[in-house]
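Letter by letter, the chains look like this.
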Amino acid sequence: MPSALLQVETDPGAPATLRAEAGADPARWAAGQRDALRALVTEHGSLLIRGLDLHDATEVASVVRELTTAPVTEREAFAARQTYSEGVYSSSKWPPNQPMCMHHELSYTREFPGMMLFACLDAPTSGGATAVADSAAVLEALPTELRGRFEQEGWLLTRSYNDEIGATVAQAFGTEDRNAVESYCRANAIEFSWQPDGGLRTRQRRSAVVSHPVTGVRCWFNQIAFLNEWTMAPEVREYLIDEYGADGLPFNTRFGNGDPIAEDVVQLLNEIYEAHTARRPWQAGDLLLVDNVRTAHSREPFEGPRNVVVAMADPVRLDDCSPAFGRVAT
């Protein structure tokens, strides 16, 4: 069915939304509407589908297979997840009272998902929306000088892995073998150093702005604000610095030349994201499709149970997005 024949709601401040055929088998319906749904995601950047009545991760995986080209296995994770099947995971373990600010999934890696899918099996009693923001509009809204600096320098992600907080080395790289971890880092333009206590520290420089691999639109594509120390709750930041030191934070971001990013810059980035945020409260059975390059996503604080299954699919190579940084010489 052509996308023009699907009933899509485009309310201000909310993602484009449509209702699936009542009582339809989710996977069969998705297969029949595949091209139309993907066209709508390309048009709007994201699409919320209501009425699929999804019940479990197996059912979600069957829908994902019908709608996407190939799964993406998560690498360099920053928080633990449960794996349900290839490319299908639980939400990241993150305190319910702390927001996960706007970001693009795995935007610090050299291969990342082009499509993200979020399926709500159990809706929270309040909050907990997976909100979205148009990354091209966010880029346009940035102050000219700041945008120019990030375009010229890119951004730097620093990480300190340990067994106490965040993802461990094994969870992030899929192995505990040092030689395998080092080989991965070299192949992916990641500087690394092993610490006396056995921990690992890494640094990687990536482009803050990329071209969409299909449309060519320039997009603000990174996790600069989300993984920066100033986005943390003050008490969390203070505890982590006291415990691990300023250079030992589980993750932090800097300008591409290594300069710290000031608190007011991070606040400005989050304010611009908020000005371009679209959200709808989750309902059980919902499915949200997100173009991971065109559209950032977040997770808002919540109360009550919240079970959202996450799928990563349609792999995209950073080198195919006209990056200024992050390439590996061949």
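Heads up: the structure comes first, above all this text.
The following paragraphs examine the structure supplied in this document. (Residues numbered from 1 in each chain as written. Predicted model: local features only at pLDDT ≥ 70, side-chain atom pairs only at ≥ 80, totals over all residues. Heavy atoms only, no water.)

## Here's the deal with the nonpolar core
- Ranked by size, the top nonpolar core spans 57 residues in total, and within it Phe112, Phe118, Phe150, Trp220, Ile224, Leu269 and Tyr273 carry the most contacts.
- Top contributing element to this core by residue count: helix H9 (residues 263-275), with five residues.
- Among residues more than four places away in sequence, those in contact with Tyr273 are Met102, Ala133, Val138, Trp220, Asn222, Ala225 and Ala296.
- In this structure, Val60, Val88, Ala119 and Val309 belong to the second largest nonpolar core, which totals 30 residues. (Core = buried A, V, L, I, M, F, W, Y, C linked by side-chain atoms within 4.5 Å. Buried < 20%, exposed > 50% of the residue type's maximum accessible area, 1.4 Å probe, protein only. Helix = DSSP H or I, 4+ residues; strand = E, 2+ residues; numbered from the N terminus. Contact = heavy atoms within 4.5 Å.)

## Overview of the packing of aromatic side chains
- Summed over all chains, the structure comprises 10 aromatic pairs.
- With 6.0 Å between their ring centres and 70° between their planes, Phe78 and Phe251 make a pair best called edge-to-face. On the criterion of sequence distance, the pair formed by Phe78 in the loop between helix H3 (57-67) and strand S4 (83-85) and Phe251 in strand S15 (residues 251-255) is long-range, its members being 173 residues apart. Across this residue pair, the class does not change: Phe78 and Phe251 are buried.
- Measuring from centroid to centroid gives 5.5 Å for Tyr161 and Phe173, while their planes differ by 55°, and the two rings are tilted. Here Phe173 lies in helix H6 (residues 169-173) and Tyr161 lies in strand S10 (residues 155-161), a separation of 12 residues in the sequence.
- Accessibility expressed as a relative area gives 7% for Phe173, which makes it buried.
- An aromatic cluster is present here, built from Phe78, Trp94, Phe226 and Phe251 joined pairwise through their rings.
- Between Arg237 and the ring centre of Trp230, over which it is positioned, the NZ or CZ distance is 3.8 Å. (Phe/Tyr/Trp six-rings, centres within 6.5 Å; stacked < 30°, edge-to-face > 60°. Lys NZ or Arg CZ within 6 Å of the ring centre and 35° of its normal.)

## Quick look at the sheet that holds strand S9 (residues 132-134)
- With respect to topology, four strands assemble into an open sheet ordered S6-S18-S9-S16, the strand pairing being antiparallel. What marks the edges here is a single partner per strand, and that holds for strand S6 (100-103) and strand S16 (277-278).
- Relative to strand S18 (residues 295-299), S9 runs antiparallel, the two being bridged by three bridges. By the bridge assignment for S18, Ala133 is matched with Ala296. (Pairing = 2+ DSSP bridges.)

## Describing the environment of Glu182
- Along the chain, Glu182 falls in helix H7 (residues 178-187).
- With relative accessibility at 16%, the residue Glu182 sits in the buried group.
- It is 7.6 Å that separates the C-alpha atoms of Glu182 and Phe192, two residues lying 10 residues apart in sequence.
- Discounting residues that sit within four places of it in the chain, Glu182 has contacts with Phe192 and Trp194.

## Description of a negative patch on the surface
- There is a patch of like negative charges on the surface, built from Asp163, Glu164, Glu176, Asp197, Glu235, Glu238, Asp242 and Glu243.
- Mapped onto the fold, Glu164 is located in the loop between S10 and H6. (Patch = residues over 30% accessible without salt bridge, like charges linked within 9 Å, V, L, I, M, F, W, Y side chains within 5 Å. Areas by Shrake-Rupley, 256 points an atom, 1.4 Å probe, with all protein chains shown as cover. Salt bridge = Lys/Arg side-chain N within 4 Å of Asp/Glu carboxyl O. Lys, Arg positive; Asp, Glu negative; His and termini not counted. Charge placed at Lys NZ, Arg CZ, Asp CG, Glu CD.)

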